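Geometric and topological summary
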Amino acid sequence: MSDGQHVAETPPGDLRIRSMTSGDLPEVLRIERISFPTPWSERTFRNLMRRENARLWIAESPGGQLLGYAVAWFAGSEVELGDLAVRPAARQAGVGRALVDSVLKDARSHGIQLVFLEVRATNSAARRLYRRAGFETVGRRPGYYSHPVEDALVMSIETTRHPR
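It should be emphasised that the depicted structure is a prediction, and the values quoted were computed from it without experimental measurement. (Residues numbered from 1 in each chain as written. Predicted model: local features only at pLDDT ≥ 70, side-chain atom pairs only at ≥ 80, totals over all residues. Heavy atoms only, no water.)

Here the focus is the nonpolar core. By size, the foremost hydrophobic cluster in this structure holds 32 residues, and its most contacted members are Leu 84, Tyr 130 and Phe 135. Among the elements that make up this core, the one with the highest residue count is helix H3 (residues 95-109) (seven residues). When residues no more than four places from it in sequence are discounted, the contact partners of Leu 84 are Phe 36, Tyr 69, Ala 70, Gly 96, Leu 99, Val 100, Leu 129 and Tyr 130. Residues Leu 25, Ile 58, Leu 66 and Val 71 belong to the second largest nonpolar core, which totals 15 residues. (Core = buried A, V, L, I, M, F, W, Y, C linked by side-chain atoms within 4.5 Å. Buried < 20%, exposed > 50% of the residue type's maximum accessible area, 1.4 Å probe, protein only. Helix = DSSP H or I, 4+ residues; strand = E, 2+ residues; numbered from the N terminus. Contact = heavy atoms within 4.5 Å.)

Given below as structure tokens:
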């Protein structure tokens, strides 16, 4: 299916969230390239899949279509949400929120109280998603991103304050 076609808005309760497998990588990489000006490589995803402290999730439709993914890693008493993307035709249907909620739930289940991320300062859709999930802006990293050069906003959430 091309990204020009619209995916029926699937209620988040009908989404299946599962661990990413190597078989998911072709579609993950396709969404990654569409979503980011400096996309992660296949090698980066494969390396993260081998790391014990990393978690990679897939959101798929009831019919098995990969709609989005999230990548996070556990570092001591914190979790960093390093990557999250949703197929363009499935955006604003609750997929991103379901993935964020999965990251937060996993963090809480491991006793982690702080989850943080960096987001492009101009990425208003992502910032809105994270704010609605309870994240707050706690800092700025000037010139953090390239292509184009742009500041990152650092956002965080205390998982115990948002027990969704």
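Another aspect to go through is the packing of aromatic side chains. By the definition in use, this model includes five aromatic pairs. With a centroid separation of 5.9 Å and 80 degrees between ring planes, the pair formed by Phe 45 and Tyr 69 is classed as edge-to-face. Here the residue Phe 45 occupies a position in helix H2 (residues 42-50), and Tyr 69 occupies one in strand S3 (residues 66-75), the gap between them amounting to 24 residues. Since its relative accessible area comes to 0%, Phe 45 is described here as buried. By relative accessible area, Tyr 69 is classed as buried at 0%. (Phe/Tyr/Trp six-rings, centres within 6.5 Å; stacked < 30°, edge-to-face > 60°.)

Along the polypeptide, Glu 60 turns up in strand S2 (residues 54-60). Under the relative-accessibility criterion, Glu 60 is labelled buried at 8%. Within polar-contact distance, the side chain of Glu 60 engages the side chain of Arg 16 at 2.6 Å. Look past the residues within four positions of Glu 60 in its chain and what remains in contact with it is Asp 14, Leu 15, Arg 16, Arg 18, Gln 65, Leu 66 and Leu 67. (Polar contact = N/O pair within 3.5 Å; in protein donor to acceptor, adjacent residues only side chain to side chain.)

So, about the pairing of strand S4 (residues 78-86). A large share of S4 lies buried, amounting to seven of its nine residues. Where S3 meets S4, eight bridges bridge the pair, whose relative direction is antiparallel. Within S4, the position partnered with Ala 75 by the bridge is Glu 78. Two successive antiparallel strands, S3 and S4, enclose a turn made up of two residues, where Gly 76 displays a positive phi of approximately 65 degrees. Summarising the sheet, S4 and strand S5 (residues 114-120) pair through three bridges and their orientation is parallel. From the neighbouring strand, Glu 78 faces S5, where its bridge partner is Leu 114. Taken together, S4, H3 and S5 form a β-α-β motif whose crossover is right-handed. (Pairing = 2+ DSSP bridges. Right-handed = clockwise from strand over helix to strand, strands pointing away.)

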